[in-house]
Amino acid sequence: QKEVEQNSGPLSVPEGAIASLNCTYSDRGSQSFFWYRQYSGKSPELIMFIYSNGDKEDGRFTAQLNKASQYVSLLIRDSQPSDSATYLCAVSSSLGGSQGNLIFGKGTKLSVKP
Amino acid sequence: KAGVTQTPRYLIKTRGQQVTLSCSPISGHRSVSWYQQTPGQGLQFLFEYFSETQRNKGNFPGRFSGRQFSNSRSEMNVSTLELGDSALYLCASSLGVWGQGASSVGQYFGPGTRLTVT
């Protein structure tokens, strides 16, 4: 059974701080890693993806991947109250065309306090 | 570009009935995936269709089925509904092919259909 584990939170950080969200996965054959943000009552929204070991930065977001440790993380710098949401880690065993069978973690709820 | 659309947005059904949900992907997307989201289990993959063929299937009973049409629109059907089928059903679309840059990456979700089984 392929599993993706996340701390459910809630993770509470003050405005302007760095929020660190973590995810581990069980399938060593996993190739593609995604972070989705889901606001309450809304559908998930893709914010980051990463394939290679190391860091990938996009604006205030940095995704980190360590395949040897089967670990993915998302850092949010200068956290804003609008970042308050549930963050879902998703993993696919496909690197190529088929990334349509994502395995999701249950999400970490982030709360950014003004 | 219009996003993923799903109809209906809300449904109330009785145990034993069947239901059909519809999804229209983003224009040009050929892959459509379906997920079930519940508070207890989170987001769980149901199946993926690409060019009218089921490409991947999750671990759900045969009561859950789907299909994709030549215009990439997809439907999923749940027969003999059970109380535990109450959930948010999300459809996601993607290009489904590799090598077309960042736009080929990742799935884009529709607003979902909230199904309540009584």
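In this report, we go over the structure that sits alongside the text. These numbers were taken from a predicted model, which means no experiment stands behind them. (Residues numbered from 1 in each chain as written. Chains lettered and ligands numbered in written order. Predicted model: local features only at pLDDT ≥ 70, side-chain atom pairs only at ≥ 80, totals over all residues. Heavy atoms only, no water.)

### Some remarks on the overall build of chain B
Piece 1. A count of helical and extended segments in chain B gives 0 helices and 11 strands.
Piece 2. Starting at the N terminus, the α and β elements of chain B follow one another as β-β-β-β-β-β-β-β-β-β-β.
Piece 3. Here the C-alpha radius of gyration of chain B, 14 Å, is about what a compact globule of 118 residues would show, namely 13 Å.
Piece 4. The C-alpha extent of chain B, read off along each of the three principal axes, is 45 × 25 × 25 Å. (Helix = DSSP H or I, 4+ residues; strand = E, 2+ residues; numbered from the N terminus. Rg over C-alpha atoms; globule rule 2.2 N^0.38 Å.)

### Things to note about the state of the cysteines
Piece 1. On inspection of all chains with the given rule, the structure shows 2 disulfides over all chains.
Piece 2. A sulfur-sulfur distance of 2.1 Å marks the disulfide that ties A:Cys23 to A:Cys89. Taking the sign of the torsion about the S-S bond as the criterion, the disulfide between A:Cys23 and A:Cys89, at about -70 degrees, is left-handed. Taken together, the positions of A:Cys23 in strand S3 (residues 19-25) and A:Cys89 in strand S9 (residues 85-92) put the pair 66 residues apart, joining distant regions of the chain. In this pair, the class of A:Cys23 matches that of A:Cys89, namely buried.
Piece 3. Two residues share a disulfide in this structure: B:Cys23 and B:Cys91, whose sulfurs sit 1.7 Å from each other. Measuring handedness by torsion sign, the sulfur bridge of B:Cys23 and B:Cys91 sits at about -50 degrees and is left-handed. Remark: B:Cys91 occurs in strand S9 (residues 87-94) and B:Cys23 occurs in strand S3 (residues 19-24); sequence separation between them is 68 residues.
Piece 4. The class of B:Cys23 is buried, set by a relative accessible area of 0%.
Piece 5. Here B:Cys91 falls in the buried class, since its relative accessible area comes to 0%. (Disulfide = S-S within 2.5 Å. Buried < 20%, exposed > 50% of the residue type's maximum accessible area, 1.4 Å probe, protein only.)

### Quick notes on the environment of A:Ala68
Residue and element names in this part refer to chain A.
Piece 1. Mapped onto the secondary structure, Ala68 falls in the loop between strand S7 (61-66) and strand S8 (71-76).
Piece 2. Residue Ala68 is classed as exposed on the basis of its relative accessible area, which comes to 58%.
Piece 3. As for Ala68 and Thr24, which are separated by 44 residues in sequence, their C-alpha atoms are 11 Å apart.

### A closer look at the side chain of A:Gln6
Residues and elements named next belong to chain A.
Piece 1. Mapped onto the elements of the fold, Gln6 is located in strand S1 (residues 4-6).
Piece 2. Polar side-chain contacts of Gln6 include one of 2.9 Å to the backbone nitrogen of Cys89.
Piece 3. One polar contact links the side chain of Gln6 to the main-chain amide nitrogen of Gly107, over a distance of 3.1 Å.
Piece 4. Gln6 has contacts with Asn22, Cys23, Trp35, Tyr87, Leu88, Cys89, Gly105, Lys106, Gly107 and Thr108, leaving out every residue within four places of it along the chain. (Polar contact = N/O pair within 3.5 Å; in protein donor to acceptor, adjacent residues only side chain to side chain. Contact = heavy atoms within 4.5 Å.)

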